[in-house]
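# Working through the structure, step by step
Given next are the chains, with one letter for each unit.
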Amino acid sequence: RRTMAFTSLGEIVELGDPRMKRRAIERLSKRPSPDAVRLLQRALRDPHADIQILAASALSRIEGRVTEETRKAERISAHSPDSASAKALLGNQYFDYVYLGLLDPESRVFYLRRAIRAFRESLTLSPDQPEVLVRLGRALFATLVGVLVIIFTVSSITIIPGVYWSVAGLGVAY
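Residues numbered from 1 in each chain as written. Predicted model: local features only at pLDDT ≥ 70, side-chain atom pairs only at ≥ 80, totals over all residues. Heavy atoms only, no water.

### Things to note about the environment of glutamine 129
For glutamine 129, the position within the fold is in the loop between helix 6 (105-125) and helix 7 (130-154). Judged by its relative accessible area of 9%, glutamine 129 is buried. Distance from glutamine 129 to alanine 88, taken between C-alpha atoms, is 9.4 Å for residues 41 residues apart in sequence. Apart from residues no more than four positions distant in its own chain, glutamine 129 is found in contact with Ala84, Ala88, Ser122 and Leu123. A distance of 2.7 Å separates the side chain of glutamine 129 from the backbone oxygen of serine 126, its partner in a polar contact. (Helix = DSSP H or I, 4+ residues; strand = E, 2+ residues; numbered from the N terminus. Buried < 20%, exposed > 50% of the residue type's maximum accessible area, 1.4 Å probe, protein only. Contact = heavy atoms within 4.5 Å. Polar contact = N/O pair within 3.5 Å; in protein donor to acceptor, adjacent residues only side chain to side chain.)

The structure is reproduced here in structure tokens:
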């Protein structure tokens, strides 16, 4: 059901008249998800400048909400340094920020590294957390993929072995 809603909103963003597009963008801005972010990013390329501005504003509002939620999780973790659940909450928030699709490759790796640290701290405090182990594994794999993307797109060829093998080692260690 949710996919159908995004499919129809996607069609409106792509093919609708400007009035319909404005309403679709407004709805998408209220449900932050990777699908909504992709559709709003697509609307940034709309031929109508007002649609582009509205989409940019919607993405900015989504990022503002996510940033505020991340700050809140950081405050909770700082006030409860011995709480495994606070560390897991922080790791989940970092991971969800990456998953949303708002970040550039370098920022993705930055937040994934923070998620990994928070998940590891949570597991140190309370090892019996299978859901945190799963998220840690996903974060490690996503970091490996992110580093490889960065390496193959912007880095000098001479640093590939050192970075690749150290990140691959982290993945294997998991």
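### A short note on the environment of proline 127
Inspection of the secondary structure puts proline 127 in the loop between helix 6 and helix 7. Taking relative accessible area as the criterion, proline 127 reaches 61% and is therefore assigned exposed. Separated by 43 residues in sequence, proline 127 and alanine 84 place their C-alpha atoms 9.0 Å apart.

### Details of the nonpolar core
Counting 38 residues, the largest nonpolar core has Ile25, Leu28, Leu40, Leu102 and Phe119 as the members making the most contacts within it. Secondary-structure elements contributing two or more residues to this core are helix 1 (2-15), helix 2 (18-29), helix 3 (34-43), helix 4 (49-79), helix 5 (84-100), helix 6 and helix 7. Per element, the largest residue contribution to this core is eight residues, and it comes from helix 4. Apart from the residues within four sequence positions on either side, leucine 102 is in contact with Val37, Leu59, Ile62, Glu63 and Tyr97. (Core = buried A, V, L, I, M, F, W, Y, C linked by side-chain atoms within 4.5 Å.)

### Things to note about the packing of aromatic side chains
The full count for this structure, using the stated rule, is three aromatic pairs. Taking the centre distance of 4.9 Å and the plane angle of 65 degrees together, the rings of tyrosine 97 and tyrosine 111 count as edge-to-face. Residue tyrosine 97 is located in helix 5, and its partner tyrosine 111 is located in helix 6; the two are separated by 14 residues in the primary sequence. Clustering of aromatic rings is evident, with ring pairs tying together Tyr94, Tyr97, Phe110 and Tyr111. (Phe/Tyr/Trp six-rings, centres within 6.5 Å; stacked < 30°, edge-to-face > 60°.)

### Details of the packing of helix 3 against helix 4
As a packed pair, helix 3 and helix 4 sit with axes 8 Å apart at the nearest point and diverge in direction by 150 degrees. Relative to helix 4, the element helix 3 is oriented roughly antiparallel. The handedness of the crossing between helix 3 and helix 4 is left-handed. Two secondary-structure elements touch here, helix 3 through Val37, Leu40, Gln41 and Ala43 and helix 4 through Ile51, Gln52, Ala55, Ala58, Leu59 and Ile62. (Axes fitted to C-alpha atoms, helices over the stretch in contact; angles between N-to-C directions. Parallel < 35°, antiparallel > 145°, perpendicular 65-115°, else oblique. Left-handed = near helix turned anticlockwise from the far one by under 90°.)

### Let's talk about the pattern of salt bridges
With the rule as written, the count across this model stands at nine salt bridges. Two residues, aspartate 46 and lysine 21, come together in a salt bridge whose shortest N-O distance is 2.4 Å. Of this pair, aspartate 46 sits in the loop between helix 3 and helix 4 while lysine 21 is found in helix 2, placing the two residues 25 residues apart along the sequence. In terms of burial, aspartate 46 and lysine 21 fall into one category: buried. The shortest N-O distance in the salt bridge between arginine 61 and glutamate 26 comes to 3.5 Å. Of this pair, arginine 61 sits in helix 4 while glutamate 26 sits in helix 2, and the two are 35 residues apart along the sequence. The exposure class of glutamate 26 is partly exposed, given its relative accessible area of 30%. (Salt bridge = Lys/Arg side-chain N within 4 Å of Asp/Glu carboxyl O.)

### Remarks on the packing of helix 4 against helix 5
At a minimum axis distance of 8 Å, the contact between helix 4 and helix 5 shows a crossing angle of 160 degrees. With respect to helix 5, the element helix 4 is oriented roughly antiparallel. Helix-helix and strand crossings are classified by hand; for helix 4 and helix 5 the assignment is left-handed. In contact with Ile62, Glu63, Val66, Thr67, Glu69, Thr70, Ala73, Glu74, Ile76 and Ser77 of helix 4, helix 5 contributes Ala86, Lys87, Leu89, Leu90, Gln93, Tyr94, Tyr97 and Leu100. Of the residues assigned to the contact of helix 4 with helix 5, the class counts are 10 nonpolar, four polar and four charged. (Nonpolar A, V, L, I, M, F, W, Y, C, P; charged D, E, K, R; others polar.)

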